[in-house]
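# Structural overview
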Amino acid sequence: PPTFLLKRGGRAADAILAQPDGGEVWVQGPMGPGFPLADCGGSDLLFVGVGTGVAPLRSCLVEALRAREEFGRIVLVYGAMNDAHFCYKEAMDDWRSLGVEVVLVASHPESGWSGPTGFVQDHLADLELDSDGTIASIAGMPAMEEAVREKLVALGFDPGRVRSNY
């Protein structure tokens, strides 16, 4: 069955969330080019997302794992306000068991958080990425995407190897 990741506060999301169980939802087809994998064989894959922006990245990550042998290193850097705001936590152990490096970054951590804090782009240099052999896919707020793009270019990435869904 389809899975929806919704953030309260938008007209469409709130209307869907107001539907009773079993209610009908009309969905338009995908928008934007997505994150195609056809030309990524043999490359490392980096996924960087924040908040609900992780949803389109998750779809690509799941597809990459179905053909795991076609790709090198797979890294997901995912930022949210705090531990309660990370989506797909139940799947992350499975992803890790399949070789995905999952880096969770909390921008407003609660006490007891022991992981990275701040902004996702501030943790990219720590990953020692192969800028020539990695294709990056980013999704989130426009300011975050621009900051990640600038950081990756500063780390030696060709801008053509940094993709977003627009």
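Structure: above.
The text that follows walks through the structure, step by step, so that each part is easy to find. All values reported here derive from a predicted model rather than from experimental measurement.

### A short note on the pairing of strand 2 (residues 74–80)
The buried fraction of strand 2 is high, at 7 of 7 residues. Residue alternation in strand 2 divides its side chains into two sets, Ile74, Leu76, Tyr78 and Ala80 and Val75, Val77 and Gly79, and both sets are buried. Pairing geometry for strand 1 (residues 44–50) and strand 2, over 6 bridges, is parallel. Within the sheet, the bridge partner assigned to valine 48 lies in strand 2 and is valine 77. For the segment spanning strand 1, helix 2 (residues 54–66) and strand 2, crossover handedness is right-handed. Relative to strand 3 (residues 100–106), strand 2 runs parallel, the two sharing 7 bridges. Note that in strand 3 the partner of valine 77 across the bridge is valine 103.

### Observations concerning helix 3 (residues 89–97)
For helix 3, the complete set of buried residues consists of Ala91, Met92 and Trp95. Buried residues in helix 3, looked at end-on, bunch into an arc of 115°, giving them a common side. In helix 3, the exposed positions that point more than 90 degrees away from the buried face belong to Glu90, Asp93 and Ser97. Check the buried side of helix 3 and you find it contacts helix 2, strand 2 and strand 3. Positive phi appears at glycine 99, one or two residues downstream of helix 3, with a value of about 95°.

### Thoughts on unusual backbone geometry
Leaving glycine aside, a negative phi is the common case for residues, and trans is the common case for peptide bonds. The backbone of tyrosine 88 sits at a positive phi, close to 65°, despite the residue not being glycine. In this structure, glutamate 128 is a non-glycine residue whose phi angle is positive, near 50°.

### Overview of the nonpolar core
In terms of nonpolar packing, the biggest core is built from 28 residues, with Ile74, Leu76 and Trp95 touching the most fellow members. Of all elements in the fold, only strand 1, helix 2, strand 2, helix 3, strand 3 and strand 4 (134–139) reach the threshold of two or more residues within this core. Among the elements that line this core, the one with the most residues is helix 2, at 6 residues. Core analysis: the second largest hydrophobic core is formed by 18 residues, Val50, Val77, Leu129 and Phe157 among them.

### Things to note about the packing of aromatic side chains
Evaluated as defined, the whole model comprises 2 aromatic pairs. Plain terms: the ring middles of tyrosine 78 and phenylalanine 86 are 5.1 Å apart, the flat faces sit at 80° to each other, and that makes the pair edge-to-face. Neither tyrosine 78 nor phenylalanine 86 differs from the other in exposure class; each is buried. Ring geometry for phenylalanine 86 against tryptophan 113: centres 5.8 Å apart, planes inclined by 15°, an arrangement best described as stacked. Of this pair, phenylalanine 86 sits in the loop between strand 2 and helix 3 while tryptophan 113 sits in the loop between strand 3 and strand 4, and the two are 27 residues apart along the sequence. Through a chain of ring-to-ring contacts, three or more aromatic side chains come together here, namely Tyr78, Phe86 and Trp113.

Rules used in this analysis
- Residues numbered from 1 in each chain as written.
- Predicted model: local features only at pLDDT ≥ 70, side-chain atom pairs only at ≥ 80, totals over all residues.
- Heavy atoms only, no water.
- Buried < 20%, exposed > 50% of the residue type's maximum accessible area, 1.4 Å probe, protein only.
- Helix = DSSP H or I, 4+ residues; strand = E, 2+ residues; numbered from the N terminus.
- Pairing = 2+ DSSP bridges.
- Right-handed = clockwise from strand over helix to strand, strands pointing away.
- Arc of directions from axis to C-beta.
- Contact = heavy atoms within 4.5 Å.
- Core = buried A, V, L, I, M, F, W, Y, C linked by side-chain atoms within 4.5 Å.
- Phe/Tyr/Trp six-rings, centres within 6.5 Å; stacked < 30°, edge-to-face > 60°.

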